[in-house]
Amino acid sequence: MTVSITGATGFIGKRLVQRLHADNHTVHVLTRSRSKAELIFPAKDFPGIVIADVPNWKESIQGSNAVVNLAGTPISTRWSPEVKNDIKVSRVNVTSKVVDLINNSAEGSGPTVLVSATAVGYYGTSETKVFDEQSASGNDYLAEVCRDWEATALRVNKDVRVALIRIGVVLGKDGGALAKMVPIFMMFAGGPLGSGKQWFSWIHLEDIVNLIYEALSNPSYKGVINGTAPNPVRMSEMCMHLGDVLGRPSWLPVPDFALKAVLGEGASVVLEGQKVVPAKAKELGFSYKYPYVKEALRSILS
Ligand code: NDP
């Protein structure tokens, strides 16, 4: 299979590229920066990989069987008005470009599968509700971003199979949420962020990559699929396990006001959460390598 991937140089994308390449698929890395991509995927380690900067996206996409769309500016930074706008525009614009290029493929050629990222932020936040794929969208900014992002992906031609993966907090080495949390714990200053009661719907990096991989080749994977582990936890539990695995205490709560001072409105990403269950993945028989957070953390940090 030939797969084009936007956001291939990111935390999830890098691992996905490694997996597809190791299994002898042809990978097209769609990037805004050829030099960055060449450093991440040197030709000697990734023979045969195609690195496509923006002018070459058309040829790359239209010469593929499938596209994975992972691009987007990071959300866990301080939200200035510009950053907030970029959070939406970066996702919607790249998705729109990808969809247009797929739709403009010559008849009978071009990709037949689009696996497009979205996020559990679609559901809004709650300390009490449980969200599955049938649940309604929330009414905060991230929910609005996810709705627009998904609606843009769904503009793709009807004969293209679309899987929209609503991704939870991805836990893995060298990136994502843990890269921010672990240094705080290692300085003996770790503890629940905010009240600790907020839900933390997580997934191990290996499992989200496996889910995306499966969605590429299995025709039953279509529509919305929650990309979360089957056992979400509250933030206090997550931090307790993180402290345990690191051999550090988890006793000093990081207060709301401190996070708001650093992250502004973006603090809502960690101070509020949602309990999201992967009903569709379960129905599809997806097998998780890491269903429980403690084992997931051990595998990453030990
Ligand atoms: P990363 O931030 O690690 O990487 C995303 C990639 O997107 C970058 O490598 C970059 O590729 C591209 N990108 C960055 N900024 C922009 C921009 N302004 N315009 C266009 N492209 C941009 O993301 P992750 O791998 O962590 O996540 C992948 C997707 O999954 C993202 O859309 C994210 O929102 C979503 N997601 C991730 C979660 C997580 O916990 N990691 C949770 C929920 C959803 P390049 O520079 O090569 O163009």
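Report on the accompanying structure. (Residues numbered from 1 in each chain as written. Predicted model: local features only at pLDDT ≥ 70, side-chain atom pairs only at ≥ 80, totals over all residues. Heavy atoms only, no water.)

Structural notes on the sheet that holds strand S11 (residues 223–227)
The seven strands lie next to each other as S3-S2-S1-S4-S5-S7-S11, forming an open sheet whose pairing is parallel. The sheet is open, and its two borders are formed by strand S3 (50–52) and S11, each paired with just one other strand. The mean angle between the axes of side-by-side strands here comes to 20 degrees, regardless of whether they run parallel or antiparallel. Strand direction decides the pairing type here: strand S4 (residues 66–69) and strand S5 (residues 113–119), joined by four bridges, are parallel. Residue Ala 66 lies in a different strand from S5, and its bridge partner there is Val 113. On the sheet, helix H4 (residues 81–103) packs against strand S1 (2–6), S4 and S5 and is oriented at approximately 170 degrees with respect to S4. (Pairing = 2+ DSSP bridges. Helix = DSSP H or I, 4+ residues; strand = E, 2+ residues; numbered from the N terminus. Axes fitted to C-alpha atoms, helices over the stretch in contact; angles between N-to-C directions. Contact = heavy atoms within 4.5 Å.)

Here's the deal with the side chain of Gln 62
For Gln 62, the location among the structural elements is in helix H3 (residues 57–62). Within the structure, Gln 62 has its side chain in polar contact with the backbone oxygen of Leu 101 (distance 2.9 Å). Excluding residues that lie within four positions of it along the chain, Gln 62 makes contacts with Leu 101, Asn 104, Ser 105, Gly 110 and Pro 111. (Polar contact = N/O pair within 3.5 Å; in protein donor to acceptor, adjacent residues only side chain to side chain.)

Quick look at the site of the ligand
Taken together, 24 residues lie around the ligand, and Thr 9, Thr 31, Arg 32, Lys 36 and Arg 91 are the ones closest in. Contact distances for the ligand include 3.1 Å between an oxygen atom and a backbone N or O atom of Gly 10. Arg 91 is positioned with one of its side-chain polar atoms (N or O) 2.8 Å from an oxygen atom of the ligand. Here the ligand, which alone exposes 890 Å², has 83% of that area covered by the protein. Elements represented by at least two residues in the shell around the ligand include exactly helix H1 (11–22), H4, S5 and strand S8 (169–171). (Near = heavy atom within 4 Å. Areas by Shrake-Rupley, 256 points an atom, 1.4 Å probe, with all protein chains shown as cover.)

Digging into the pattern of salt bridges
Under the counting rule described, the total for this entry stands at 11 salt bridges. Asp 53 is the salt-bridge partner of Arg 34, the closest N and O atoms lying 3.5 Å from each other. Placement of the pair is Arg 34 in helix H2 (residues 34–40) and Asp 53 in the loop between S3 and H3, with a sequence separation of 19 residues. Given the relative accessible area of 32%, Arg 34 is considered partly exposed. Ionic pairing is found between Asp 148 and Lys 88, a salt bridge with its closest N-O pair at 3.1 Å. One end of the pair, Asp 148, is in helix H5 (residues 141–153); the other, Lys 88, is in helix H4, and 60 residues separate them in sequence. (Salt bridge = Lys/Arg side-chain N within 4 Å of Asp/Glu carboxyl O. Buried < 20%, exposed > 50% of the residue type's maximum accessible area, 1.4 Å probe, protein only.)

Here we look at the packing of aromatic side chains
Here the structure, examined in full by the defined rule, presents five aromatic pairs. Look at Trp 79 and Tyr 141: their rings are 6.0 Å apart centre to centre, the planes differ by 75 degrees, and that puts the pair in the edge-to-face class. In this pair, Trp 79 is assigned in the loop between S4 and H4 and Tyr 141 in helix H5, connecting sequence segments 62 residues apart. Since its relative accessible area comes to 16%, Tyr 141 is described here as buried. Their ring planes at 15 degrees and their centres at 5.3 Å tell us that Tyr 123 and Phe 131 sit as a pair that is stacked. Of the two residues, Tyr 123 and Phe 131, neither departs from the other in class, the shared state being buried. Connected via pairs of aromatic rings, a cluster forms that spans Tyr 122, Tyr 123 and Phe 131. Between the NZ or CZ atom of Arg 19 and the centre of the ring of Tyr 213, over which it lies, the distance is 4.3 Å. We note Arg 91 situated over the ring of Trp 149; from NZ or CZ to the ring centre the distance is 5.1 Å. (Phe/Tyr/Trp six-rings, centres within 6.5 Å; stacked < 30°, edge-to-face > 60°. Lys NZ or Arg CZ within 6 Å of the ring centre and 35° of its normal.)

Let's talk about the nonpolar core
Soluble, globular proteins show a tendency: their nonpolar side chains are buried together. Ile 5, Ile 12, Val 29, Val 68, Val 115, Ile 165 and Ile 208 are the most contacted members of the largest nonpolar core, which totals 45 residues. Among the secondary structure elements, those contributing two or more residues to this core are S1, H1, strand S2 (26–30), S4, S5, H5, strand S7 (161–167) and helix H7 (205–217). Broken down by element, the residue count for this core peaks at eight residues, all from H7. For Ile 5, the residues in contact, after removing those within four places along its chain, are Leu 16, Val 17, Leu 20, Val 27, His 28, Val 29, Leu 30, Val 68 and Leu 70. Residues Val 182, Met 238, Val 254 and Leu 259 belong to the second largest nonpolar core, which totals 26 residues. (Core = buried A, V, L, I, M, F, W, Y, C linked by side-chain atoms within 4.5 Å.)

Quick notes on the pairing of S5
Across the seven residues that make up S5, a large majority, six, are buried. Crossover S4 to S5 through H4 is right-handed. Pairing of S5 with S7 involves seven bridges; the strand directions are parallel. Each bridged residue has a counterpart across the sheet, and for Ala 119 the counterpart in S7 is Ile 167. (Right-handed = clockwise from strand over helix to strand, strands pointing away.)

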